[in-house]
Amino acid sequence: MSAQKETLGFQTEVKQLLKLMIHSLYSNKEIFLRELISNASDAADKLRFEGMAKPELFEEDPELKIRITFDKDARTVTIADNGIGMSRDEVVANIGTIAKSGTKAFFEQLSGDAKKDANLIGQFGVGFYSAFIVADKVTLTTRRAGEVVATRWESHGEGEYTLEQVEKAERGTEIVLHLKEGEDELLNDWRLKGIVRKYSDHISIPIEMKKGAGYGENGEVTNSDELEVVNSASALWTRSKNDITDEQYQEFYKHVAHDFTDPLAWSHARVEGRQEYTELLYIPSRAPFDLYDRERKQGVKLYVRRVFIMEDTEKLMPHYLRFVRGVIDSNDLPLNVSREILQESKDIDAIRAGCVKKVLGLLEDLSANQPEKYAAFWKEFGQVLKEGVGEDFANKERIAKLLRFTTTASEGEDPTVTLADYIGRMKEGQDKIYYITADTLAAAKNSPHLEVFKKKGVEVLLLTDRVDEWVVGSLFEFDGKQLQSVAKGALDLGKLEDEADKEAQKQVEEASKPVVEKVQKALGDKVKEVRATARLVESPACLVAGEHDMSAHLERMLKAAGQKIEGSKPTLEINPEHVLVKKLAEESDEARAGDLAAVLYDQALLAEGGKLEDPASFVKRINKLMLELSA
Ligand code: ADP
């Protein structure tokens with residue numbers, strides 16, 4: 001049964017990735033073995049899972065293992081497993097293409113600088129292709145458990161690969177690496193065993209190698225074909241914390257998370273009580289490319305009594321903690337637990353709630369004791385964690401404490417201010433937490449809405465992440481203090497204003513009635529209302545949303561996202577102390593007053609990042625005014 005050999009081309013991205021990888025990862029080339037062993041171990045997990053329903057898949061060879069051999073004469077290193085294997089279609093889908101979401105974003109970020117790109121590629125996950133760092137030809141022969149025919153895939157890692165139908169007695173996958181010139185150091189027992197122990201000790205199934213060269217009991221040189229197990233071969237999370245080194249935790253992370261960089265922190269605990277389970281959960285140090293991709297598959301892996309059940313279930317981690325990686329191993333769930341059962345399971349709910357607490361606890365610990373690490377976490381995942389304020393009602397308070405902000409009192413631009421910090425330095429008489437939302441930090445900082453707050457020295461949170469509107473839409477207060485937008489409703493400074501301020505304001509309002517009416521008349525139904533304000537110091541006017549209306553910023557964001565929304569009309573507030581407003585008050589020509597009023601409105605809209613409905617008319621009016629000035 002020999003079918004013809006077919007030649008197929010790699011997906012363009014694969015070609016690019018291969019080139020890049022060989023170039024950028026060469027200095028760390030030994031990781032190819034870790035990647036191939038990691039895949040072999042996953043294949044064993046998959047077989048164990050499928051084998052529960054179909055024991056015949058084990059084909060009377062139930063002991064799952066990985067074997068590594070090398071051949072000095074042929075100059076090959078071989079990694080073989082008796083896991084699930086792959087069908088022909090699976091080989092084509094998995095080995096000839098990159099199915100990962102976020103691929104496009106990944107390629108866009110490449111810089112051509114080998115060092116930087118090596119980091120990127122690590123985040124992207126290198127996997128099988130890392131074989132080409134050390135090999136100039138790779139032959140993969142695989143037979144899916146339960147199937148008869150096997151498939152041979154072979155490639156020089158350039159543009160194409162061949163596929164051929166072959167026979168293979170053992171199920172599973174065998175990968176033969178034909179080493180490049182100069183890689184002969186890998187044809188060495190000690191060297192290979194050293195790499196396995198360093199990177200793959202945590203793999204839960206045995207990794208076997210020949211005993212090879214060594215010394216016998218009497219000091220004689222032996223060279224044995226007998227097999228020995230090179231790794232500890234027990235699931236890492238089942239071991240006691242004291243028996244696990246940081247390096248082992250880190251290597252295990254790289255395996256479960258398919259990440260290349262060390263994790264930022266982890267939590268490992270055996271939980272007893274109504275539910276018995278072990279969790280080993282990690283916070284990565286870098287955000288993956290597909291953090292915002294709804295199709296994203298990776299997450300926390302669920303095991304039941306050491307048997308891998310499934311990955312990527314939203315049932316194990318809420319959406320706002322989707323960056324968490326690791327394993328949860330339950331002692332109580334049934335082995336045949338299905339996705340449907342998980343959906344309904346109260347036990348899973350309890351495990352999930354417990355794990356969320358662990359993760360939040362880990363973050364609290366970082367934030368209290370390792371602020372630099374917490375800052376690194378915040379930079380990568382802060383925006384995602386913010387989603388939790390609206391998503392996880394039960395933990396809202398805890399999450400709110402973990403939030404970090406840039407404010408008008410911040411030294412630099414980094415978000416470092418907690419809500420507790422803010423409250424701790426509130427002005428006497430201040431009873432609200434003030435914030436402004438805007439597209440950019442510059443727009444927020446320079447907003448006319450902040451003028452009176454600057455004058456009075458009151459701190460304001462500058463919210464410029466897309467998710468911030470969602471945060472303030474869910475977090476109404478913190479520690480008994482209400483959150484208040486500075487761009488919504490009538491200005492209410494509460495006790496920050498004294499009686500004299502209020503009296504002065506009243507008089508100004510009274511005196512500016514005629515100009516307010518004039519502007520109102522000129523703008524017609526463009527605005528809900530025109531009023532005089534004490535909010536402004538330098539600017540002549542600003543727009544304010546109603547207390548319960550959507551903010552102008554949110555309205556713009558939703559419109560940009562293609563949503564049709566009927567926004568509510570803003571209120572135009574004018575600063576009666578400003579020369580332009582005074583000029584307008586004095587203007588007797590109705591047409592000119594109309595022009596000035598229109599410019600005030602358009603300016604206010606521009607100042608908060610809005611878009612003019614009729615920019616050409618704005619330009620005309622401005623030009624007219626400029627000509628009058630120079631006349
Ligand atoms: P990743 O492991 O990050 O998904 P890889 O390029 O390493 O990416 O592998 C792609 C896919 O090929 C794997 O997800 C798996 O489905 C399949 N695969 C790789 N190695 C093996 C193996 N030894 N046995 C079975 N399937 C494998």
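Residues numbered from 1 in each chain as written. Predicted model: local features only at pLDDT ≥ 70, side-chain atom pairs only at ≥ 80, totals over all residues. Heavy atoms only, no water.

**Observations regarding the nonpolar core**
Counting 73 residues, the largest nonpolar core has Leu-302, Leu-321, Phe-323, Ile-328, Phe-377, Leu-385 and Tyr-434 as the members making the most contacts within it. For this core, the leading source of residues is helix 10 (residues 346–369), giving nine residues. Beyond its immediate stretch of four places on either side in the chain, Phe-377 contacts Leu-264, Ile-283, Phe-323, Leu-363, Gly-382 and Leu-385. Core analysis: the second largest hydrophobic core is formed by 61 residues, Leu-47, Ile-68, Phe-106 and Phe-128 among them. (Core = buried A, V, L, I, M, F, W, Y, C linked by side-chain atoms within 4.5 Å. Buried < 20%, exposed > 50% of the residue type's maximum accessible area, 1.4 Å probe, protein only. Helix = DSSP H or I, 4+ residues; strand = E, 2+ residues; numbered from the N terminus. Contact = heavy atoms within 4.5 Å.)

**Points about the sheet that holds strand 22 (residues 571–574)**
Each strand in a sheet pairs with another by means of backbone hydrogen bonds, the pair being arranged parallel or else antiparallel. Across the sheet, which stays open at both edges, the three strands sit in the order 20-22-21 with mixed pairing between neighbours. The two strands at the open ends of the sheet, each matched to only one other strand, are strand 20 (529–532) and strand 21 (541–544). Each adjacent strand pair in this sheet contributes to an overall mean axis angle of 25°, direction not counted. Both strand 21 and strand 22 contribute to a ladder of four bridges, which runs antiparallel. Bridge pairing in strand 22 places Leu-543 opposite Leu-572. (Pairing = 2+ DSSP bridges. Axes fitted to C-alpha atoms, helices over the stretch in contact; angles between N-to-C directions.)

**Digging into the packing of aromatic side chains**
Counted under the stated rule, the structure contains 19 aromatic pairs. Relative to Tyr-282, the ring of Trp-266 has its centre 6.0 Å away and its plane inclined at 55°; by these criteria the two rings are tilted. Taken together, the residues span a long stretch of sequence, with Trp-266 in strand 10 (residues 265–271) and Tyr-282 in strand 11 (residues 277–283) at a distance of 16 residues. Exposure remark for Tyr-282: the relative accessible area of 0% places this residue in the buried category. By way of ring pairs, the aromatic residues Trp-237, Tyr-249, Phe-252, Tyr-253, Trp-266, Tyr-282, Tyr-303 and Phe-308 are connected into one cluster. One cation-aromatic arrangement involves Lys-301 over Phe-308; the distance from NZ or CZ to the ring centre is 5.5 Å. (Phe/Tyr/Trp six-rings, centres within 6.5 Å; stacked < 30°, edge-to-face > 60°. Lys NZ or Arg CZ within 6 Å of the ring centre and 35° of its normal.)

**Observations regarding the site of the ligand**
By nearness alone, 13 residues border the ligand, and Asn-39, Asp-81, Asn-94, Gly-127 and Phe-128 come closest of all. With respect to the ligand, the side chain of Asn-39 contributes an N or O atom lying 2.7 Å from an oxygen atom. One nitrogen or oxygen atom from the side chain of Asp-81 is found 3.0 Å from a nitrogen atom belonging to the ligand. Computed on the free molecule, the ligand has an accessible area of 530 Å², of which 82% lies beneath the protein chains in the complex. Looking at the shell around the ligand, the elements that each hand over two or more residues are helix 2 (31–53) and helix 3 (88–95). When residues in the shell around the ligand are grouped by element, the largest group, four residues, is from helix 2. Per-class residue counts for the shell around the ligand are five nonpolar, five polar and three charged. (Near = heavy atom within 4 Å. Polar contact = N/O pair within 3.5 Å; in protein donor to acceptor, adjacent residues only side chain to side chain. Areas by Shrake-Rupley, 256 points an atom, 1.4 Å probe, with all protein chains shown as cover. Nonpolar A, V, L, I, M, F, W, Y, C, P; charged D, E, K, R; others polar.)

**Some details on the domain arrangement of the protein chain**
Along its sequence, the protein chain is carved into domain 1 (6–232), domain 2 (237–372) and domain 3 (496–630). Taking only C-alpha atoms, the centre of domain 1 and the centre of domain 3 are 67 Å apart. (Domains from an automatic or database assignment.)

**Regarding unusual backbone geometry**
A negative phi holds for most residues other than glycine; trans holds for most peptide bonds. With a phi close to 50°, Glu-59 is a non-glycine residue in the positive phi region. Of note, Glu-59 is situated in the loop between helix 2 and strand 2 (66–71). Here Ala-233, not a glycine, exhibits a phi torsion of approximately 55°, which is positive. Inspection of the secondary structure assignment puts Ala-233 in the loop between strand 9 (221–229) and helix 8 (246–257).

**Quick word on the pattern of salt bridges**
Once the charged atoms of two side chains with opposite charge are near each other, the side chains can pair. Evaluated as defined, the whole model comprises 43 salt bridges. With its nearest N and O atoms 2.6 Å apart, the salt bridge here joins Lys-193 to Glu-228. Highlighted residues: Lys-193 in helix 7 (residues 189–200) and Glu-228 in strand 9, separated in sequence by 35 residues. Since its relative accessible area comes to 22%, Glu-228 is described here as partly exposed. The closest approach of N and O atoms between Lys-513 and Glu-510, which form a salt bridge, is 3.6 Å. Classification of Glu-510 as exposed rests on a relative accessible area of 51%. Each of Lys-29, Glu-30, Glu-183, Glu-185, Arg-191 and Lys-198 takes part in a single network of salt bridges with overlapping partners. (Salt bridge = Lys/Arg side-chain N within 4 Å of Asp/Glu carboxyl O.)

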